[in-house]
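Close look at the chain arrangement
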Amino acid sequence: MSVLVSPTSVSEQNIPITLHVNGEARTLTVDPRATLLDTLREKLNLTGTKKGCDHGQCGACTVHVDGPRVNACLVLAISVQGQKITTIEGLGGPESMHPLQAAFVAHDGYQCGYCTAGQIMSAAALLQEPCGDSDADIREMMSGNICRCGAYSNIVAAIQDVRTKGKSHA
């Protein structure tokens, strides 16, 4: 038996959602299959979050959802309604940088810059997670973020710098 499919495409069945991104409620209409990554970039013009592998393997699309880090390419936009989403644009900007952003600049942890937003977002979440003090501990906690330029030692140095300063101010 064959099944007839309606000529109406799924994209014509968009649904309204409200996302709370970087402290602002944003109401928009999305395809129910749209990822959070595509919605951030294409609908909200927040292009700091990068599309790397689109399979959750590189970390370029890392954002925070209610605090913890997630790969935005693996999350449907409709599934995070009512949750607090933070992108690199919400973490800090040129006039008011997050300490990790400043440390990445100071330690040259950005090289080509493509992975930088994901690296910083992942590192910012790491600062709130249990993590040992060694460089190896940080490398393990950051293992979901790939840097094709190989700036890993600089990235670890930037994270350690922020962690050390945070402990000295505690």
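Summarised in this report is the structure supplied together with it. Counting restarts for each chain: residues are numbered from 1 in the order of the written sequence. Reporting of local features is limited, given that this is a predicted model, to residues whose pLDDT is at least 70; pairs of side-chain atoms are given and counted only at 80 or more, and all residues count toward the totals for whole chains, interfaces and linings. The side-chain numbers reported here are obtained from all heavy atoms of the structure, hydrogens and water having been left aside.

1. Here we look at the overall build of the protein chain
- Counting its secondary structure elements, the protein chain contains six helices and five strands.
- Secondary structure elements of the protein chain occur, N-terminal to C-terminal, as β-β-α-β-β-β-α-α-α-α-α.
- In terms of principal-axis extent, the alpha carbons of the protein chain reach across some 65 × 35 × 30 Å.
- Exposed residues in this analysis have more than 50% of their type's maximum accessible area, buried residues have under 20%, and partly exposed residues fall in between, with area computed by a 1.4 Å probe over protein chains only. Among the 170 residues that make up the protein chain, the fraction classed as buried is 41%.
- Here, two residues are considered to be in contact whenever any of their heavy atoms come within 4.5 Å of each other. Long-range contacts, defined here as pairs at least 24 residues apart, represent 55% of the contacts in the protein chain between residues at least 6 apart.
- In short, Shrake-Rupley with a 1.4 Å probe defines the accessible areas, and a residue's cover is counted only from the protein chains shown. Accessible area for the protein chain stands at about 9300 Å²; split by element, carbon and sulfur atoms hold 53% of it.
- Neither His nor the chain ends contribute to the count of charged residues, in which Lys and Arg are positive and Asp and Glu negative. A single reference atom marks each charge: NZ on Lys, CZ on Arg, CG on Asp, CD on Glu. Side-chain charges in the protein chain split into 13 positive and 16 negative, and the spacing between the mean points of these groups amounts to 1 Å. Only DSSP runs of H or I reaching four residues or more are called helices, and only runs of E reaching two or more are called strands; each is numbered from the N terminus.

2. So, the pattern of salt bridges
- When a carboxyl oxygen of Asp or Glu is within 4 Å of a side-chain nitrogen of Lys or Arg, the pair counts as a salt bridge. Tallied over the full model, the rule gives seven salt bridges.
- E24 is the salt-bridge partner of R26, the closest N and O atoms lying 3.9 Å from each other.
- Note on R26: relative accessible area 26%, which makes it partly exposed.
- Residues K165 and D161 are paired through a salt bridge, measuring 3.4 Å at the closest nitrogen-oxygen approach. One end of the pair, K165, and the other, D161, are both in helix 6 (residues 152-168), four residues apart, so they sit about a helical turn from each other.

3. Here's the deal with the side chain of S122
- By the secondary structure assignment, S122 is in helix 4 (residues 116-126).
- Polar side-chain contacts of S122 include one of 2.4 Å to the side chain of R69.
- In this view, S122 contacts T62, R69, M142 and N145; residues no more than four positions away in its chain are not counted. Counting of polar contacts relies on pairs of N or O atoms within 3.5 Å, with two restrictions inside protein: one atom must be capable of donating a hydrogen and the other of accepting it, and residues adjacent in sequence are counted only when both atoms are side-chain atoms.

4. Remarks on the pairing of strand 3 (residues 62-65)
- A two-sided burial pattern is seen for strand 3, the buried positions comprising T62 and H64 on one face and V63 and V65 on the other.
- One requirement defines pairing of two strands: DSSP has to find at least two bridges between them. Joining the antiparallel neighbours strand 3 and strand 4 (residues 69-71) is a turn of three residues, in which D66 adopts a positive phi near 55°.

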